[in-house]
Structures are given as C-alpha cells and as structure tokens.
Amino acid sequence: MFDWDDVRIFIAAARAGSLAVAAQRLGIDAATVGRRVARLETALKSTLVVRSASGLLLTAAGAQLLETALDAESAMEAAERVTRPDLIAGTVRISASEGFGGAVLAPALPALLAAHPGLNIELAASSGFLSPSRREVDMAITLSPAASPRLIVEPLTPYQLALYAAPEHLTRHGAPQRVEDLPDFDIVGYVDDLIYAPELHYLDEIRPNLRPRLASSSIRAQRDMIAAGGGIGVLPCFLAEGLMRVLPDQVLIERRFWLSTHREVHGTARLKAARRWIKSLCQNTAARLSPY
C-alpha cells in the first residue's frame, strides 16, 4: 500500500519538473519532496522519475502513474464538489503568452484574489505554452485553438499588432515610407528557428524574406530592444506604450487569443470564476488590445 499524500507530492513534482519548484509550490522543503517520491517508489517497487540536467524526467512507469493519479485527483475533486459545489477555492494554474501574461494578466490578478480570497493563482507567462491536456496547467491562453478532445476551447479576444520604433531611433535614422523600404532599416524580431507558433511569423506576413538584425525568442526582450533604439519591430499594441508606430497606413496585423481548459476541471467553481474574470478583463481592456 502507499500513502495518497505521497502521490499528491509526486504529482506536484511531475508537473513542476523539479523538486525545488514543487517544494516551493507545496510549502515544504525539496529534501522532503525527494524523500516522499522515493518512499512512493519503494512502495510501488518501481522507479518513477530520473534526474537530468534539465530537471526531473518521468520513466514509463512514472508517466503511467501520473495519468492514473490525475484521474484519481479529478475524481476526488468531483466528490468534494458534491458537498460544496459553489466553493471558489484552491489553486488555478494558468499558462499564457509572455506578452499578454506579463503585461495584461499579471497586473490585474490581485483584483481576482481580492474578489475570491480562497483562490491561489499560478501564472506561467513565458515563450511557449504549458498544456492543459497533459494537466500541466488548468487553463491556457494560446495564439491558436488547441486541438485535443480533452479540452474545451473557446475564443477569448482579438488583439492587434503593428510596427513600432523608439522616437529617438526614428529621429536618427528616419522612417520607412513604404513596406518595400524596410530591408534598408534595422529590424527587430524573433529568432526564426525558435518560433514556437506559426502565428508569430509576423515579418514574413509584412514582407517575404524580411530578416531581423536583432532577434530574441522573447517578445518582452524585443520590446526592450526596440525601446533602446535597436530598430523597428512588430509588437502587440498593448506592449507599445512610449513607442511610435511605423507605416501606420500600411501595416496592421490581427490575431486572436484562445482559452482552453481541461474537461475534467472545466466545471469546477474555481475554474468558472477564473474564466469569468479573464473574459471580463479582456472586455474591459479591449481598447488597449485592439486600439485601431
């Protein structure tokens, strides 16, 4: 027999990919997480995780246990909802793009916690996305609709992107008058082979074979490069405060964010509350997301 609490700690370690990160989320020390996972391995007579330079990796047995344990976790949550169906409490883990997550979602999250004191929010705002279908997160805000029968996917909000540059940069180097002039200017953009979604191929959409002189996998880093006078680049309009729009009559890109949640937790009170709040936030910031 094994202790369910050890399984709970194993789930946290598997989700985090790190004993230290799991310990931080659980409010215990990393050594305790390691001991509890080892105790579970002893009880099951199977190796569940191996350590690597990139963090914890699940063995085949560990992956199989995680899938079963997540089903059990969902069943326990469902049982709790029978007696407390309207309780808005617990942790909601959200994956969002770096720009939207950092600039729009993060500053507003304290208002969500103020409205629901029983909630805890974990925001993964980075290049790339964690997956609700693998239960890495409870919900994800993505650039395209996720394709998985395990997920409930809905459109969240449109947003716009445009070309921007620092005012000082345009004063020194001038501004292009036509899209065809852009190859003559320093361009800021993504590292081509690190682009994680086809929706991020902005430069090819503006002009084929337009290549950046300064590049980063991070949209926030690109914004800082542009603000420092590094060149002209595409940014979401909600990240462009203090910058000047370039070729405003010729370049405007439209995109949409999508919201996906795992079917097994979609109906929980905490997920319903988080979804309502995110949708309301997008409605209230619509003019910032799509100003043109």
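Residues numbered from 1 in each chain as written. Predicted model: local features only at pLDDT ≥ 70, side-chain atom pairs only at ≥ 80, totals over all residues. Heavy atoms only, no water.

### So, the overall build of the protein chain
Here's step 1: Regarding its fold elements, the protein chain presents 11 helices and 11 strands.
Here's step 2: If you line up the protein chain on its principal axes, its C-alpha atoms span 70 × 40 × 35 Å.
Here's step 3: For the protein chain, long-range pairs separated by at least 24 residues make up 74% of all intrachain contacts whose partners lie at least 6 apart in sequence. (Helix = DSSP H or I, 4+ residues; strand = E, 2+ residues; numbered from the N terminus. Contact = heavy atoms within 4.5 Å.)

### Some details on helix 5 (residues 98–115)
Here's step 1: When the terminal C-alpha atoms of helix 5 are compared, their 25 Å separation across 18 residues agrees well with the 26 Å that a helix rising 1.5 Å per residue should span.
Here's step 2: At Leu105, helix 5 shows its strongest bend, of approximately 45°, with the proline Pro107 following within four residues.
Here's step 3: Along helix 5, the residues that are buried comprise Glu98, Gly99, Phe100, Gly101, Ala103, Val104, Leu105, Ala108, Leu109 and Leu112. (Expected span 1.5 Å × (residues − 1). Bend = angle between axes of the 7 residues up to and from the residue. Buried < 20%, exposed > 50% of the residue type's maximum accessible area, 1.4 Å probe, protein only.)

### Points about empty space enclosed by the protein
Here's step 1: Enumeration over the complete set of coordinates arrives at 2 cavities of 30 Å³ or more.
Here's step 2: The wall of the largest cavity is formed by 15 residues, among which Tyr190, Ile195, Leu200, Tyr202 and Leu203 lie closest to the centre.
Here's step 3: Elements that contribute at least two residues to the lining of the largest cavity include exactly strand 7 (187–189) and helix 7 (202–206).
Here's step 4: Sort the elements by how many residues they give to the lining of the largest cavity and helix 7 lands first, with 3 residues.
Here's step 5: Across the lining of the largest cavity, the residue classes tally to 9 nonpolar, 3 polar and 3 charged.
Here's step 6: For the second largest cavity, the calculated volume is near 120 Å³.
Here's step 7: Forming the walls of the second largest cavity are 17 residues, and the residues nearest its centre are Ser97, Gly99, Tyr190, Tyr196 and Ile219.
Here's step 8: For the lining of the second largest cavity, the secondary structure elements donating two or more residues are helix 5 and strand 6 (151–165). (1 Å grid on protein atoms, 1.4 Å probe; cavity = no way out; pocket = protein on both sides within 12 Å on 5 of 7 lines; lining within 4 Å. Points joined across faces, edges and corners; volume = space filled by probe spheres on them. Nonpolar A, V, L, I, M, F, W, Y, C, P; charged D, E, K, R; others polar.)

### A few points about the environment of Ala146
Here's step 1: Examined against the element boundaries, Ala146 turns out to sit in the loop between strand 5 (139–142) and strand 6.
Here's step 2: Judged by its relative accessible area of 31%, Ala146 is partly exposed.
Here's step 3: Expressed as a C-alpha distance, the spacing of Ala146 and Thr261, which sit 115 residues apart in the sequence, is 9.8 Å.
Here's step 4: Apart from the residues lying within four places of it in its own chain, the contact partners of Ala146 are Leu151, Val153 and Ser260.

### Description of the environment of Ser218
Here's step 1: As for its placement among the helices and strands, Ser218 is situated in the loop between strand 8 (214–215) and helix 8 (219–227).
Here's step 2: A relative accessible area of 14% places Ser218 in the buried class.
Here's step 3: Residues Ser218 and Ala60, 158 residues apart in the sequence, show an inter-C-alpha distance of 33 Å.
Here's step 4: Side-chain polar atoms of Ser218 contact the side chain of Glu98, separated by 2.8 Å. (Polar contact = N/O pair within 3.5 Å; in protein donor to acceptor, adjacent residues only side chain to side chain.)

### Concerning the UniProt feature "domain: HTH lysR-type" (unreviewed entry) in the protein chain
Here's step 1: Here, UniProt's "domain: HTH lysR-type" (unreviewed entry) annotation points to residues 2–59.
Here's step 2: Between the end C-alpha atoms of residues 2–59 the distance is 19 Å, and the span holds 62% helix and 14% strand. (UniProt positions renumbered as here; feature names shortened; annotations may be inferred.)

### Comments concerning unusual backbone geometry
Here's step 1: A positive phi is found at Asn209, a non-glycine position, where the angle reads about 65°.
Here's step 2: One can find Asn209 in the loop between helix 7 and strand 8.

### Some thoughts on the nonpolar core
Here's step 1: Ranked by internal contacts, the top residues of the largest apolar core, which has 60 residues, are Phe100, Leu105, Ile141, Leu163, Phe238 and Ile278.
Here's step 2: Ile9, Ala23, Val33 and Leu56 belong to the second largest nonpolar core, which has 19 residues in total. (Core = buried A, V, L, I, M, F, W, Y, C linked by side-chain atoms within 4.5 Å.)

### Side note on the packing of aromatic side chains
Here's step 1: Summed over the entire model, instances satisfying the criterion amount to 5 aromatic pairs.
Here's step 2: Seen from their ring centres, Phe100 and Phe238 are 6.3 Å apart, and the 80° between their planes marks the pair as edge-to-face. Of this pair, Phe100 sits in helix 5 while Phe238 is found in the loop between strand 9 (232–236) and strand 10 (244–246), placing the two residues 138 residues apart along the sequence.
Here's step 3: Ring geometry for Phe100 against Phe257: centres 4.7 Å apart, planes inclined by 50°, an arrangement best described as tilted. (Phe/Tyr/Trp six-rings, centres within 6.5 Å; stacked < 30°, edge-to-face > 60°.)

### Overview of the environment of Gly101
Here's step 1: Structurally, Gly101 can be placed in helix 5.
Here's step 2: Residues Gly101 and Ile141, spaced 40 residues apart in sequence, show a C-alpha to C-alpha distance of 8.6 Å.

### Looking at the pattern of salt bridges
Here's step 1: Applying the stated criterion across every chain, the model contains 13 salt bridges.
Here's step 2: Between Arg36 and Asp5 there is a salt bridge, and its shortest N-O distance comes to 2.7 Å. One end of the pair, Arg36, is in helix 3 (residues 30–44); the other, Asp5, is in helix 1 (residues 4–16), and 31 residues separate them in sequence.
Here's step 3: Relative accessible area serves as the criterion here: at 26%, Asp5 is assigned to the partly exposed category.
Here's step 4: Between Asp6 and Arg39 there is a salt bridge, with its nearest N and O atoms 2.8 Å apart. (Salt bridge = Lys/Arg side-chain N within 4 Å of Asp/Glu carboxyl O.)

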